[in-house]
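Now for the letters of each chain:
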Amino acid sequence: MKSPVMSPALRHVLTHLLTPLLMCIGMGLAYMGAFVTPEPHHMPVAVVGTGPRTAVFAQTVKDTAGDKLDVRTVPDRAAAVSLLKSRHVTGAYVPSAHTPELLVASAASDMGATAVEKVFTPVAAHEGAPLKVTDVAPPVKDDPTGQGLFFLLIAVSIGSYASVAAIGAAGAALPMRIRALLAVGVSAVVAGIGALLAGPVFHLAHHALGAVWGMAWLYSAGILLIGVGLHTFLKRWTTLTMMVLFVMLNFTSSGGLFRPELQNGFFGSLHAFWNGAGFVEGVRSLLYFGDDGIGRNVWTLAAWLAVGLVVTGIAAAWERSRVALTPAAEPRTASAAEKTDREAARVAEQDAEEETEETVAV
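Since the structure is predicted, the reported quantities are computational estimates derived from the model, not experimental observations. (Residues numbered from 1 in each chain as written. Predicted model: local features only at pLDDT ≥ 70, side-chain atom pairs only at ≥ 80, totals over all residues. Heavy atoms only, no water.)

1. A short note on the sheet that holds strand β3 (residues 91-94)
Taken in spatial order, the five strands of this open sheet run β2-β1-β3-β4-β5, and their pairing is mixed. Edge positions in the sheet fall to β2 (69-74) and β5 (132-135), since each of these pairs with one other strand and no more. The average angle at which neighbouring strand axes cross in this sheet is 25 degrees, direction not considered. Contacts from helix α2 (residues 52-65) reach β1 (43-48), β2 and β3 within the one sheet, and its direction differs from that of β2 by about 170 degrees. (Pairing = 2+ DSSP bridges. Helix = DSSP H or I, 4+ residues; strand = E, 2+ residues; numbered from the N terminus. Axes fitted to C-alpha atoms, helices over the stretch in contact; angles between N-to-C directions. Contact = heavy atoms within 4.5 Å.)

Quick look at the structure:
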């Protein structure tokens, strides 16, 4: 009995279904793995005070919390505030028999501030006094949870990786240097849109809007150049690769919702060098923490941009080598050449349109 043969149309559909199904698995693993069960892992906190009594109290808190907290002591309230504003601790507890106080900086992480409040509220209750919570670095009133920067990251990321399909697929016939210049130009536009959203539209940034644009440009340009370069080798699988790099691993490790001390070791370690974390933490530094630590964030984004330049450079060299190795075509009649060229252009246009539609749909 003759076995049925899968039709080309059905094979084409099944091939295109593979990408969204893999994305379903990847997004589920990434987002649920990063966000479903947040709990402290060596969360840095401070106890304010000096002397043996403070040391014993801090050690008791550490022994009770185990690996959830890293507890240090600081001599006074000013030192605690300095540590909070440099984001070296998530919370600082000031013991008192009458008015125990917890210092937090919710602009660094609203979830982190909530977590330390849950830790020290029962401690204060055990001492028989209500806990006073003081926020030394609150976010702006237009962004009460401080999570607006995470959604800004999403907007800039989508504008960046979705543009890769337009430049890489629809512009495949263009020389790589033109595609690279387009990537740089588009990233400037995407950054401009991000700056408008952060400033005049939603008022997340009440100052330093030009610097926010600059960081958004660094971030977007790195993504676009990496994507355009990879497209030379991966073609329609570029969309899946970009989603893995700049959504699944990027959003989850950015610190926009949960800082690394509230995540498992994998996503917490990515936060140290991934570009989304560089963007979110850099903009936080600009807006709330007096540029503290911003140099490291800028270098992180610059390193990703450098990777993008290297990838596009390799892709350009590979394309040139392919052209040099292509044998000369047999002489063709004018009508045959036109027909062949029209058919090749039609197929290329169809492939580019399908890839762009797939990227936008995702």
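What follows continues from the structure just given.
2. Notes on the side chain of Ser253
Along the chain, Ser253 turns up in helix α9 (residues 250-253). Accessibility expressed as a relative area gives 0% for Ser253, which makes it buried. Not counting residues within four places of it along the chain, the set of residues in contact with Ser253 comprises Gln263, Phe267, Leu270, His271, Trp274 and Ala277. (Buried < 20%, exposed > 50% of the residue type's maximum accessible area, 1.4 Å probe, protein only.)

3. Thoughts on helix α4 (residues 110-126)
Helix length check: α4 (17 residues) gives 25 Å between terminal C-alpha atoms against 24 Å at 1.5 Å per residue, within 8%. When the local axis directions of α4 are compared, the greatest deviation, roughly 25 degrees, occurs at Phe120, which is followed within four positions by the proline Pro122. Of the residues making up α4, those classed as buried are Gly112, Ala113, Ala115, Val116, Phe120, Val123 and Ala124. Where α4 is buried, its residues contact β1, α2, β3 and β4 (101-104). Looking one or two residues past α4, Gly128 carries a phi angle of roughly 80 degrees, positive in sign. (Expected span 1.5 Å × (residues − 1). Bend = angle between axes of the 7 residues up to and from the residue.)

4. Re a nonpolar patch on the surface
A surface patch of nonpolar side chains, amounting to about 910 Å² of accessible area, comprises Leu18, Leu22, Ile25, Leu29, Phe233, Leu234, Trp237, Val310, Ile314 and Trp318. Those elements giving two or more residues to the nonpolar patch turn out to be α1 (8-35), α7 (209-234) and α12 (294-325). Topologically, Phe233 is positioned in helix α7. (Patch = residues over 30% accessible without salt bridge, like charges linked within 9 Å, V, L, I, M, F, W, Y side chains within 5 Å. Areas by Shrake-Rupley, 256 points an atom, 1.4 Å probe, with all protein chains shown as cover. Salt bridge = Lys/Arg side-chain N within 4 Å of Asp/Glu carboxyl O.)

5. What about unusual backbone geometry?
Located in the positive-phi region is Arg87, a residue other than glycine, with phi close to 60 degrees. Mapped onto the secondary structure, Arg87 falls in the loop between α3 (77-85) and β3. You can call Arg87 buried: its relative accessible area is 15%. Positive phi values are uncommon outside glycine, yet Ala208 reaches one of about 55 degrees. Relative to the elements of secondary structure, Ala208 occurs in the loop between α6 (176-201) and α7.

6. Considering the packing of helix α5 (residues 148-170) against α7
Two elements in contact, α5 and α7, have axes separated by 9 Å at closest approach and are oriented at 30 degrees. When the interaxial angle is binned, α5 and α7 end up roughly parallel. Two packed elements cross with a definite hand, and for α5 against α7 that hand is right-handed. For the pair formed by α5 and α7, the contact residues are Leu153, Val156, Ser157, Ser160, Tyr161, Ser163, Val164, Ile167, Gly168 and Ala169 on the first element and Ala216, Tyr219, Ser220, Ile223, Leu224, Gly227, Val228 and His231 on the second. (Parallel < 35°, antiparallel > 145°, perpendicular 65-115°, else oblique. Left-handed = near helix turned anticlockwise from the far one by under 90°.)

7. Digging into the nonpolar core
Counting 93 residues, the largest nonpolar core has Leu103 and Phe279 as the members making the most contacts within it. Among the elements that take part in this core, α7 stands out by supplying 12 residues, more than any other. Other than its neighbours up to four places away in sequence, Leu103 contacts Arg77, Ala80, Val81, Leu84, Thr90, Gly91, Ala92, Val94, Thr134 and Val136. (Core = buried A, V, L, I, M, F, W, Y, C linked by side-chain atoms within 4.5 Å.)

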